[in-house]
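Descriptive structure summary
Take a look at the letters that make up each chain.
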Amino acid sequence: MDLPLLAVVLAVFLAVGLLASMVGSSDPDWWVDNLSALGMTTSTSARAFSITLVVAGFIITTLARYVTRDLPTTDARGVAGVRVCLVLVGLFLMGVGVFPVDTFFGIHTGATIAAVVSYGVLVFRMPAWLPAMPRTFLVVGWLFLAITLVLVAFFFVGYYTLTAVELVAGTLVFTWLILFIRNAAAAQLDIRGDAQTGAVDRG
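So, how was this worked out
- Residues numbered from 1 in each chain as written.
- Predicted model: local features only at pLDDT ≥ 70, side-chain atom pairs only at ≥ 80, totals over all residues.
- Heavy atoms only, no water.
- Helix = DSSP H or I, 4+ residues; strand = E, 2+ residues; numbered from the N terminus.
- Buried < 20%, exposed > 50% of the residue type's maximum accessible area, 1.4 Å probe, protein only.
- Contact = heavy atoms within 4.5 Å.
- Core = buried A, V, L, I, M, F, W, Y, C linked by side-chain atoms within 4.5 Å.
- Phe/Tyr/Trp six-rings, centres within 6.5 Å; stacked < 30°, edge-to-face > 60°.
- Expected span 1.5 Å × (residues − 1).
- Bend = angle between axes of the 7 residues up to and from the residue.
- Axes fitted to C-alpha atoms, helices over the stretch in contact; angles between N-to-C directions.
- Left-handed = near helix turned anticlockwise from the far one by under 90°.
- Nonpolar A, V, L, I, M, F, W, Y, C, P; charged D, E, K, R; others polar.

Take the overall build of the protein next. Scanning the protein from terminus to terminus reveals seven helices and zero strands. When the helices and strands of the protein are listed from N to C terminus, the series reads α-α-α-α-α-α-α. Within the protein, buried positions represent 39% of all 203 residues. For the protein, the proportion of contacts with a sequence separation of at least 24, taken over those separated by at least 6, is 68%.

Below, the structure is given as structure tokens:
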């Protein structure tokens with residue numbers, strides 16, 4: 001299974017897992033509080049919500065090394081920075097799933113904020129860490145980050161509910177991660193193709 005296919009699997013897994021949790025939730029008013037309310041009960045849907053987050057986080061941490069391998073850059077520290085941020089996003093996402101908001105409010109909230117901050121650092125530092133990434137992809141990252149910050153501001157002024165902010169921001173974050181995986185895979189294929197072409201020319 002290659003990286004682009006894994007990106008699709010991650011997206012489908014998240015969408016199906018969260019949708020199943022929403023549809024099967026025993027609390028019809030879960031959306032009034034926040035998205036994390038889906039994991040507050042002991043029902044099957046709550047376990048599905050938590051397991052979805054834990055598995056998705058595990059997949060991201062697992063992909064961190066493979067996504068950053070053979071990227072078009074000579075800055076080893078940049079590659080390490082990208083890898084660390086991806087691992088942190090995955091670990092904090094796992095923490096969100098492991099610690100339900102009703103039982104571990106502080107840890108759950110802290111893990112959620114930390115995951116968003118790790119994503120923000122990754123997007124903000126991407127041009128310096130991996131300058132060879134496509135300009136369009138970098139702009140999309142800045143746009144997604146700006147939208148996320150605007151949504152948070154709307155929540156604090158009472159314009160949006162927390163559930164709406166979490167749904168949209170979560171969708172943007174994972175869409176960016178999937179785009180990054182696909183762009184990294186494309187860059188790796190280009191490098192391997194150039195290497196093979198060079199070997200043929202030398203032969």
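Next comes the rest of the account.
M126, L130, W176 and F180 are the most contacted members of the largest nonpolar core, which has 42 residues in total. Among the elements of the structure, α1 (3-24), α3 (44-68), α4 (76-98), α5 (105-129), α6 (135-156) and α7 (162-202) are those that each provide at least two residues to this core. The element that contributes the greatest number of residues to this core is α7, accounting for 10 residues.

We now examine the packing of aromatic side chains. For the structure shown, the criterion picks out four aromatic pairs. Between F137 and F180, the ring centres sit 6.0 Å apart and the planes meet at 25 degrees, which makes this aromatic pair stacked. Residue F137 is found in helix α6, and its partner F180 is found in helix α7; the two are separated by 43 residues along the sequence. Neither residue differs from the other here; F137 and F180 are each classed as buried. Site record: aromatic cluster; members linked through ring pairs are Y119, F137, W176 and F180.

Turning our attention to α3. Along its 25 residues, α3 runs 36 Å from first to last C-alpha, staying within 8% of the 36 Å computed at 1.5 Å per residue. The sharpest bend along α3 reaches about 30 degrees and sits at T62.

Glancing now at the environment of F99. Mapped onto the fold, F99 is located in the loop between α4 and α5. For the pair F99 and S50, spaced 49 residues apart in sequence, the C-alpha separation works out to 8.5 Å.

Mapped onto the elements of the fold, L18 is located in helix α1. L18 gets classed as buried once you look at its relative accessible area, which sits at 19%. If we ignore the near neighbours within four places in the chain, the residues touching L18 are F49 and T52.

Where α5 meets α6, the axes come as close as 9 Å, and the angle between the chain directions of the two elements is 145 degrees. At the point where α5 passes α6, the crossing takes the left-handed sense. Seen from α5, the contacting residues are Y119, G120, V123, M126 and P127; seen from α6, they are F137, L138, G141, W142, F144 and L145. For the contact of α5 with α6, the class distribution of residues is nine nonpolar, two polar and no charged.

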